[in-house]
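Coordinate inspection notes
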Amino acid sequence: MSALSRITFDPKVMGGKPCIRGMRVTAGMVLGMLASGNSHEEILKLYPYLEGDDITACLEYAALRVQEMELPLHEA
């Protein structure tokens, strides 16, 4: 199973932004924290309901987006 299955899109959650497993945590928020220098461990400590695979999913999602691939939208 691809890590991307952890990235969900639901117009009722965070305005349809890509979120982690339907929670109100966006992929952009996690990526921003990584870009600011936070480690995986720091992020997981700040957000204990996240899992390491969630961070991997955000990175995989970002890698696909910069390749300008369109991903199908799936409701959670």
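Heads up: these notes are all about the structure in this document. These figures come from a predicted structure and were not determined experimentally. (Residues numbered from 1 in each chain as written. Predicted model: local features only at pLDDT ≥ 70, side-chain atom pairs only at ≥ 80, totals over all residues. Heavy atoms only, no water.)

Another aspect to go through is the overall build of the protein chain. Of regular secondary structure, the protein chain possesses 3 helices and 2 strands. Reading the helices (α) and strands (β) of the protein chain from amino to carboxyl end gives β-β-α-α-α. Sorting the 76 residues of the protein chain into buried and exposed places 33% on the buried side. A separation threshold of at least 6 residues defines the contact pool for the protein chain, and within that pool the share at least 24 residues apart is 47%. With the model as given, the accessible surface of the protein chain reaches about 4,900 Å², and the carbon-plus-sulfur share is 57%. (Helix = DSSP H or I, 4+ residues; strand = E, 2+ residues; numbered from the N terminus. Buried < 20%, exposed > 50% of the residue type's maximum accessible area, 1.4 Å probe, protein only. Contact = heavy atoms within 4.5 Å. Areas by Shrake-Rupley, 256 points an atom, 1.4 Å probe, with all protein chains shown as cover.)

Positive phi values are uncommon outside glycine, yet Met14 reaches one of about 55 degrees. Following the sequence through the fold, Met14 ends up in the loop between strand 1 (7-8) and strand 2 (19-20). The phi torsion at Arg21 lies on the positive side, around 45 degrees, for a residue other than glycine. By relative accessible area, Arg21 is classed as partly exposed at 34%.

Further remarks concern helix 1 (residues 27-35). Buried residues of helix 1: Ala27, Val30, Met33 and Leu34, and no others. Buried residues of helix 1, viewed axially, fall in a sector of 130 degrees; they line one side. Against strand 1, strand 2, helix 2 (40-46) and helix 3 (52-66) lie the buried residues of helix 1. Phi for Gly37, located one or two positions after helix 1, is positive at around 100 degrees. (Arc of directions from axis to C-beta.)

Right, let's get into the environment of Asn38. Here Asn38 is to be found in the loop between helix 1 and helix 2. Under the relative-accessibility criterion, Asn38 is labelled partly exposed at 24%. Separated by 3.0 Å, the side chain of Asn38 and the backbone oxygen of Met33 make a polar contact. (Polar contact = N/O pair within 3.5 Å; in protein donor to acceptor, adjacent residues only side chain to side chain.)

This part takes up the state of the cysteines. Disulfides are covalent bonds that link the sulfur atoms of two cysteine residues. Here the structure, examined in full by the defined rule, presents 0 disulfides. No disulfide involves Cys19; its sulfur sits 9.6 Å from that of Cys58, the nearest cysteine. For Cys19, a relative accessible area of 1% gives the class buried. (Disulfide = S-S within 2.5 Å.)

On to the environment of Ser36. Note that Ser36 resides in the loop between helix 1 and helix 2. The exposure class assigned to Ser36 is exposed, which follows from its relative accessible area of 62%.

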